[in-house]
Amino acid sequence: MTGSASASDDGPSAGSQERFDGAATARVVVDDLGIVTAWNEGARRLLGYRASEVVGRKAAALVADAVPAHVVDSLAGLRRWSGTATLLHRDGQRLTVGLLAHHRTIDGDDWLLVSPVARPAPTPEDDAFVRRSFAQAPYAMALYDTGLRLLWANADMERVMGLSEQEMRGLRVTEIVLDPESERAEQGMRTALETGCLQELGAALHLAGHERESVWSVSLVPVRDSDGRPEGVLLSAHDVTEQHLARQRLVLVNDASLRIGSTLDLPRTAQELADVAVPRFADFVTVDLLPAIEGGEDPPQGSPHGPVMLRRVACQSVLEGCPEAVVPFGTVAPYPEGSTAAECLAAGRPLIEHITPDALEDLDRTAPDRAERMRRFGFHSVLAVPMRARGLTLGVATFSRHRRPQRFQQDDLLLGQEITARAAVCIDNARRYTRERDTSLTLQSSLLPQRLPEQAALEVASRYRPASTRAGVGGDWFDVIPLSGARVALVVGDVVGHGIQASATMGRLRTAVRTLADVDLPPDELLTHLDDLVNHAVGGDTMAPLDGDVGATCLYAVYDPVSRRCTIARAGHPGPALVAPDGTVEFLEVPAGPPLGLGGLPFESTELELAEGSLLVLYTDGLVEVRGRDIDEGIAAMREVLERPAQDLEAVCDALLGTLIADRPSDDVALLVARTRALDASHVATWPVPPDPAAVADVRKTACRQLSEWGLDDAVFVTELVVSELVTNAIRYGRPPIELRLIYDRTLICEVSDGSSTAPHLRRAHTFDEGGRGLLLVAQLTQGWGSRQMTNGKTIWAEQSLPGE
């Protein structure tokens, strides 16, 4: 006996002495030194001593004979002991009594000894009737009198309690079982006596002699005589531990199905498995994956054999901070052949290992750090389950116990296999998603502009932020396209859908926009042609067929730095924001055309003049439409950011993204911010041309003088030829009014406009043809040439590199 007397309901502490003294059973508390610390009225009646005569004395003085050594030895390590003892009465008589001793560890260590007072023996007739009834009962049963003391118990009750009926007779439930649930049972018995109603209880008890806590369904039936007076309470108990454990397993499996796989993030999915298993299934859980699956790659076929390298991706413990872990999070560590993890992966099936001293000695040689942790924290049972999905081995989940005393059993193995299999499928989904997402991102990045082209009309900055949701990368894109006459086109678009298909569709649309822009179509006409292209794609006419629900939105704007005019058209896309040089922010009202792919509806454009230094902000809906936030709130937040003065366009982009979207956006975001520039009169020269062939010579001279003023004497020869050819063609084949314009920008641009819509075509002249060689010479001597249609005619242009470039 170790420890000291505890202050409990069974001891003499304040508030409990009256209950202790009033018990009908002889109750004595003895501390670790063998000193009597509590003595109730039942003990006084049994042995004749008052409490004041016994408390503080050695309990051995009350024993008639020395306690045999084998009895003392039998007490070591027990929670409860029952037997007989010969005690000395106060008058010197020897009394042989039955004793039930409980080892208590509530506030300390001591022993509570109880012995029933003498009771009249039942009549043979009563005893025979009760025993026949109890013997035929399907459950453990016991009959208690109105004082809640046991009268009879059947064989099942004796087996469950580990005590004979004789040892329990005259004792209360709280004296037979030291467990908080026994007090609930006793209170239920009182309620049954007072109300005359059946009481049902569910109790989880840790009974002496049982390895694990058991769960019981308890029924308390009041027993009455023929006059309705209470005679006692019949207690029947049914062991429902297996049903309870089965329900717990089902609850755990259900929780695993709900909590594991909430995202397609691989480490988070592994952590969800560990979180579900602790503390209901294990005290410490680790998840280690094969490094080959990182980046979404397929691991090698079959099960790995021999030593294996694994990366720690998740762990969880009942102890804060997972102090049991040897391998740090994210680290690749070797698992030698013969280790639980390596053996589990090689066998391809779950394994249970019970930690023994011999196993720890073997581990000392192969992994001393693991052996040290196992000894320190008291690991006694380990369950390793391979993580397999779709025929591939991904890694291993290891469940360990060191706090709960129960070892892993076969049922635990099946449960661990069930929740691990679910996690393995989710991890494989995350791995496949990662691979597809990386492929989509690579494709998306390759299809977006790698760098923005150099041009003088606009200062431009851009951003693209992919989505980080299950749906994957979307089809948002942007582009900056230099046009003839120093003009620049700005494009922002959004393909409906996600994944590789959306990225591929985006690439095709971007290519189509560039092709149509090269024809110099006005924005509204360009969108009309683009709409036809999407309709053909959905129908599968000329391109790989798309999903019937796939469409796209697009905004196309053309800015002319000479006139400072900007023409904008949109197809189902958010309108752009305009920031004036004075900081005023305006969201432009551009006619809202239908999204691309609907067909049959016209597109309209808006033209406005922009002051030099204005900001034009084009974006996709992912910037302002965020889950949980109204679009008007997004527009208002965007306005606040744009109202802040910022000279650097890169800073403007960063401020918009940092304010309007989260770290893990649910939709792709494409952003294009452009500051307008202007080409003044010193860089542009315009002359009207009379519709007379004789005027060509004067026009050439005028152009040459302008080049001299610009310091471009080295470009005179080519420019003379270009001006002569284009002006001659306009006079001969076009209609008035005819105009010549020279633009001095990064290149030298020569434009001739006339009132005819007929455009020239480059062809190879035959040997005896008198014409057809002029445009061929222009094409050979210049960087590029082309024509564009206008509302009142056409413009033929030729662009040549500046001397020295």
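Basis of the calculations
Residues numbered from 1 in each chain as written. Predicted model: local features only at pLDDT ≥ 70, side-chain atom pairs only at ≥ 80, totals over all residues. Heavy atoms only, no water. Helix = DSSP H or I, 4+ residues; strand = E, 2+ residues; numbered from the N terminus. Contact = heavy atoms within 4.5 Å. Areas by Shrake-Rupley, 256 points an atom, 1.4 Å probe, with all protein chains shown as cover. Buried < 20%, exposed > 50% of the residue type's maximum accessible area, 1.4 Å probe, protein only. Pairing = 2+ DSSP bridges. Axes fitted to C-alpha atoms, helices over the stretch in contact; angles between N-to-C directions. Salt bridge = Lys/Arg side-chain N within 4 Å of Asp/Glu carboxyl O. Phe/Tyr/Trp six-rings, centres within 6.5 Å; stacked < 30°, edge-to-face > 60°. Core = buried A, V, L, I, M, F, W, Y, C linked by side-chain atoms within 4.5 Å. Parallel < 35°, antiparallel > 145°, perpendicular 65-115°, else oblique. Left-handed = near helix turned anticlockwise from the far one by under 90°. Nonpolar A, V, L, I, M, F, W, Y, C, P; charged D, E, K, R; others polar. pLDDT = per-residue confidence, 0-100.

(A) Structural context of the overall build of the chain. Helix and strand content of the chain: 22 helices and 32 strands. Look at the contacts in the chain between residues 6 or more apart in sequence, and 62% of them connect residues 24 or more apart. Split by element, the accessible area of the chain, about 38000 Å² in all, is 52% carbon and sulfur.

(B) Quick peek at the pairing of strand β16 (residues 392-401). When you tally the buried positions in β16, you get 10 out of 10 residues, the bulk of the element. In the sheet, strand β11 (residues 284-289) pairs with β16 via 6 bridges, with the strands oriented antiparallel. Following the sheet pairing, Val285 is matched in β16 by Phe399. Both strand β15 (residues 381-389) and β16 contribute to a ladder of 9 bridges, which runs antiparallel. Bridge pairing in β16 places Leu383 opposite Phe399.

(C) Molecular detail of the sheet that holds strand β14 (residues 351-354). The strand order β13-β12-β11-β16-β15-β14 describes an open sheet built from 6 strands, whose pairing is antiparallel. The sheet is open, and its two edges are formed by β13 (332-335) and β14, each paired on a single side. Each adjacent strand pair in this sheet contributes to an overall mean axis angle of 30 degrees, direction not counted. The strands that helix α12 (residues 340-347) touches are β12 (308-317), β13, β14, β15 and β16; relative to β15, the one it contacts most, it runs at about 40 degrees.

(D) Geometry of the pattern of salt bridges. Scanning the entire structure with this criterion turns up 35 salt bridges. Its salt-bridge partner being Asp428, residue Arg390 comes within 2.4 Å of it at the nearest N-O pair. A residue pair is termed long-range when its members are at least 10 positions apart, and Arg390 in the loop between β15 and β16 and Asp428 in helix α15 (residues 410-447) qualify at 38 residues. Assessed through its relative accessible area of 48%, Arg390 is described here as partly exposed. Among the ionic contacts, a cluster of salt bridges with common partners joins Arg390, Asp428, Arg431 and Arg432.

(E) Structural detail: the packing of aromatic side chains. Counting across every chain of the model gives 5 aromatic pairs. Their ring planes at 80 degrees and their centres at 5.3 Å tell us that Phe281 and Phe399 sit as a pair that is edge-to-face. Of this pair, Phe281 sits in the loop between α11 (266-277) and β11 while Phe399 sits in strand β16, and the two are 118 residues apart along the sequence. An identical accessibility class is assigned to Phe281 and Phe399; each is buried. Ring centres 5.4 Å apart and planes at 35 degrees place the aromatic pair Trp710 and Tyr744 in the tilted group. With Trp710 in helix α20 (residues 695-710) and Tyr744 in strand β29 (residues 738-744), this pair connects stretches of sequence that are 34 residues apart. Relative accessible area serves as the criterion here: at 22%, Tyr744 is assigned to the partly exposed category.

(F) Representation of the environment of Arg311. Structurally, the position occupied by Arg311 is in strand β12. A residue is classified by how much of its surface remains accessible, and Arg311, at 25% relative accessible area, is partly exposed. Sequence-wise, Arg311 and Ala333 are 22 residues apart; in three dimensions their C-alpha atoms are separated by 6.3 Å. Every residue in contact with Arg311, bar those within four places of it in the chain, is listed here: Val287, Asp288, Leu289, Pro291, Glu294, Gly330, Thr331 and Val332.

(G) The arrangement of the nonpolar core in detail. Among the nonpolar cores identified, the biggest contains 51 residues, and Trp477, Leu490, Leu527, Leu530 and Tyr556 are the most heavily contacted of them. Judged by nonpolar contacts, the second largest core, of 35 residues, contains Leu266, Ala282, Leu289 and Phe408.

(H) Quick look at the packing of α11 against α15. The geometry of α11 relative to α15 is characterised by a closest axis approach of 8 Å and an angle of 165 degrees between their N-to-C directions. With respect to α15, the element α11 is oriented roughly antiparallel. Note that α11 runs across α15; the crossing there is right-handed. Taking contact as the criterion, the partners of Leu266, Thr269, Ala270, Leu273 and Ala277 in α11 are, on α15, Ile419, Thr420, Ala423, Cys426, Ile427, Ala430 and Arg431. Classifying every residue of the contact of α11 with α15 gives 9 nonpolar, 2 polar and 1 charged.

(I) Highlighting the packing of helix α18 (residues 631-643) against helix α19 (residues 649-660). Between α18 and α19, whose axes approach to 10 Å, the crossing angle comes to 145 degrees. Once α18 is placed against α19, the crossing between them reads as right-handed. Judged by residue contacts, Gly634, Ala637, Met638, Val641 and Leu642 of α18 engage Val652, Ala655, Leu656, Thr659 and Leu660 from α19. Of the residues contributing to the contact of α18 with α19, the split by class is 8 nonpolar, 2 polar and no charged.

(J) Highlighting the sheet that holds strand β3 (residues 80-88). Across the sheet, which stays open at both edges, the 5 strands sit in the order β2-β1-β5-β4-β3 with antiparallel pairing between neighbours. Of all strands in the sheet, those bounded by a partner on one side alone are β2 (36-39) and β3. Each strand of the sheet is rotated relative to its neighbour by a mean of 30 degrees, with strand direction disregarded. Here strand β1 (residues 26-30) runs beside β2; their pairing, made up of 3 bridges, is antiparallel. Following the sheet pairing, Val28 is matched in β2 by Trp39.

(K) Structural context of unusual backbone geometry. At the junction of Val278 and Pro279, the peptide bond is cis and its omega measures out at 5 degrees in the coordinates. Here Pro279 lies in the loop between α11 and β11. Here the amide bond leading from Pro736 into Pro737 is cis, since omega sits at 0 degrees, within 30 degrees of zero. For Pro737, the location among the structural elements is in the loop between α21 (716-733) and β29.

(L) View of the side chain of His380. Considering the arrangement of structural elements, one finds His380 in the loop between α14 (368-377) and β15. Looking at His380, the relative accessible area reads 16%, which means it is buried.

(M) Spatial organisation of α12. Along α12, the positions that sit buried rather than exposed are Thr340, Ala341, Ala342, Cys344 and Leu345. At its buried positions, α12 is contacted by β12, β13, β14, β15 and β16. Looking one or two places after α12, you find Gly348, whose phi comes out positive at around 70 degrees.

(N) Seen up close, the environment of Gly493. Among the secondary structure elements, Gly493 is positioned in strand β19 (residues 488-495). Taking the relative accessible area as the measure of exposure, Gly493 reaches 0% and is therefore buried. Not counting residues within four places of it along the chain, the set of residues in contact with Gly493 comprises Gly475, Asp476, Trp477, Thr553, Cys554, His573 and Thr620.

(O) The environment of Leu452, seen in detail. Its place among the elements puts Leu452 in the loop between α15 and β17 (458-465). With relative accessibility at 26%, the residue Leu452 sits in the partly exposed group. Sequence-wise, Leu452 and Val480 are 28 residues apart; in three dimensions their C-alpha atoms are separated by 6.5 Å. Residues contacting Leu452, with those up to four places away along its chain left out, are Val460, Ser462, Phe478 and Val480.

(P) Seen up close, the confidence of the model for the chain. Per-residue confidence for the chain averages 82 on the pLDDT scale, and 85% of its residues sit at or above 70. Low pLDDT, under 50, characterises residues 1-19; the predicted model gives this stretch 52 contacts beyond four residues in sequence or across chains. Predicted confidence for residues 541-549 stays below pLDDT 50, and this span has 17 contacts to residues more than four positions away or in other chains.

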